[in-house]
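Topology and contacts: notes
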Amino acid sequence: MKIVMKFGGTSVGTGENIRHVADLVTEYAKNDCRVAVVVSALAGVTNSLMEVACQAKKSDAKHIEAFTKELLQKHLKAISIAIKSKVIQKEVNQITENTISELEKVLTGICYVGELTPKSKDYVASFGERLSAPIVWGALKDHKAETQCFTGKEAGIVTDSNFGEAEPLMNYTTHLIRERLGPIVEKGVIPIVTGFIAADQNGVVTTVGRGGSDYTATILGVALSVDEVWIWTDVDGIMTADPRIIPSARMLPELSYQEAAEMAIFGAKAMHPRALEPVIEAKIPVRIRSTMHSENLGTLITDADSAKSTSAVKAVALIKDVAMVNVNGAGMVGAPGSYAKVFDVLGKNGINIMMVSTAVSEANISMIIRRSLVGRALSTLEIALLGRGTVSEVTAEDDVAVVAVMGANMKGTTGVASRIFATVANAGINIRMIAQGSSELNISFVVKEKDGAAVVRAIHKEFALDKI
Ligand code: ADP
Ligand code: ASP
Ligand code: MG
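Residues numbered from 1 in each chain as written. Chains lettered and ligands numbered in written order. Predicted model: local features only at pLDDT ≥ 70, side-chain atom pairs only at ≥ 80, totals over all residues. Heavy atoms only, no water.

On to the pattern of salt bridges. Summed over all chains, the structure comprises 20 salt bridges. The shortest N-O distance in the salt bridge between aspartate 214 and lysine 6 comes to 2.7 Å. Placement of aspartate 214 in helix α10 (residues 213–223) and of lysine 6 in strand β1 (residues 2–7) is noted, with a sequence separation of 208 residues between them. Grouping residues by exposure puts aspartate 214 and lysine 6 together as buried. (Salt bridge = Lys/Arg side-chain N within 4 Å of Asp/Glu carboxyl O. Helix = DSSP H or I, 4+ residues; strand = E, 2+ residues; numbered from the N terminus. Buried < 20%, exposed > 50% of the residue type's maximum accessible area, 1.4 Å probe, protein only.)

So, in structure tokens, the structure goes:
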């Protein structure tokens, strides 16, 4: 067996957890399994790096020193618990101190110029994984495993220069990973690769999007032609709903690539939305499983015909942090190209549209976008469209959430939509917008954010998702 194992932030959140990860990896490696490991930053570290970078931009230097000091303490503590050998501890401490001193310089630089570009933001974000990977490497060495540590860049992951959401150049990347990691994996050495971070063709650090270590894992899986990619996390697998909203949510033992991708895109955040792209063509199965309950096999995602179960609805997700933008105007009626103009304006300003709904009257178009982008969307649409005869008003609601109901068997099953909407109506909740893609894999609708969790609970109950 050859496996890529990815460990998320909570799986490497503390020294104890990192030791447990080292136990797991060496256990598999002993049993004739060749393993490559991908690690995330320690839980919460990427968020805190993003926060401090924003503070540094506002020239708030006093935070920097306190922040780096705390970050150093956190990692030194993890090292002292995860690694027993004093010699290895010393080596990893040194790497950690050097890395944090580099981070301090970067943050001070941002503070002086008062500017945080997407490029420098990625550079700051990369420190989370650059700090976690050496600890996992040290813990494995401590277990007498043969191991070698790589950044995404050193491993050969090359992306475009779309900082923040960089896209890997798959053929080049595959070639480099095979060349650099292939031989050492074959020899039984365990490479530890930083998730999430890569480099563009000029060697500048990029990141593949938040939660992107999953993506790193599947990229590596394809390049190394592994048997399976295992995503170790803090839940038993992909569940029928976010267990934080519905504690009785049930683990789904099998999903098709299509279903899992749909769930990832629609907020079942157990996996990065683009993580399945590389493995679909190569037909490499992906398993989502729990570090704490390693005896469970978790959710297996394959190209097998998913629809073994007969239920139409498999899962329900809630996507928060979104806003609804409405463009209205009688002038759009029968005017070819008016929707194109709206999309063009948003696209050119880097605003991704997550969901669209229009009325047959053509006088209104509603779109869902990330909430952080609503100001930019309103101003660019107003500048580009108002006063030109077609659009009379652009408005936004930023207290909404999307509920997505998913399942491959919804395709062709009648009455699912009516059951969903009757359930929402019976809960006394108003629906603001509806969309169903022609794939029929999901029905999504928008409600006020304060009602989101109640809607998810009502639908989970109506379709008895907690029962097998
Ligand atoms: P990691 O740090 O391991 O990458 P994430 O936080 O990215 O973990 O993803 C795991 C979390 O995703 C879980 O703790 C859970 O709260 C959340 N989640 C949301 N929806 C689902 C779902 N349908 N199934 C499983 N987990 C979900
Ligand atoms: N550390 C990164 C993040 O928090 C990547 C990951 O965890 O997958 O987004
Ligand atoms: Mg994640």
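Scanning the model with the defined rule gives six aromatic pairs in all. Ring geometry for tyrosine 28 and tryptophan 230: centres 5.0 Å apart, planes at 75°, overall edge-to-face. With tyrosine 28 in helix α1 (residues 15–30) and tryptophan 230 in strand β8 (residues 228–233), this residue pair connects regions lying 202 residues apart in the sequence. The class of tyrosine 28 is partly exposed, set by a relative accessible area of 23%. Given the relative accessible area of 5%, tryptophan 230 is considered buried. Connected via pairs of aromatic rings, a cluster forms that spans Phe7, Tyr28, Trp230 and Trp232. Looking at arginine 289, its charged tip hangs above the ring of tryptophan 230, at a distance of 4.6 Å from the centre. (Phe/Tyr/Trp six-rings, centres within 6.5 Å; stacked < 30°, edge-to-face > 60°. Lys NZ or Arg CZ within 6 Å of the ring centre and 35° of its normal.)

This next bit is on unusual backbone geometry. Its identity as a non-glycine residue notwithstanding, lysine 283 has a phi of 55°, on the positive side. The topology assignment puts lysine 283 in the loop between α12 (277–282) and β10 (286–290). By relative accessible area, which is 53% here, lysine 283 ends up exposed. Although it is not a glycine, alanine 464 adopts a positive phi angle of roughly 45°.

The values reported here are purely geometric and, on their own, carry no functional implication.
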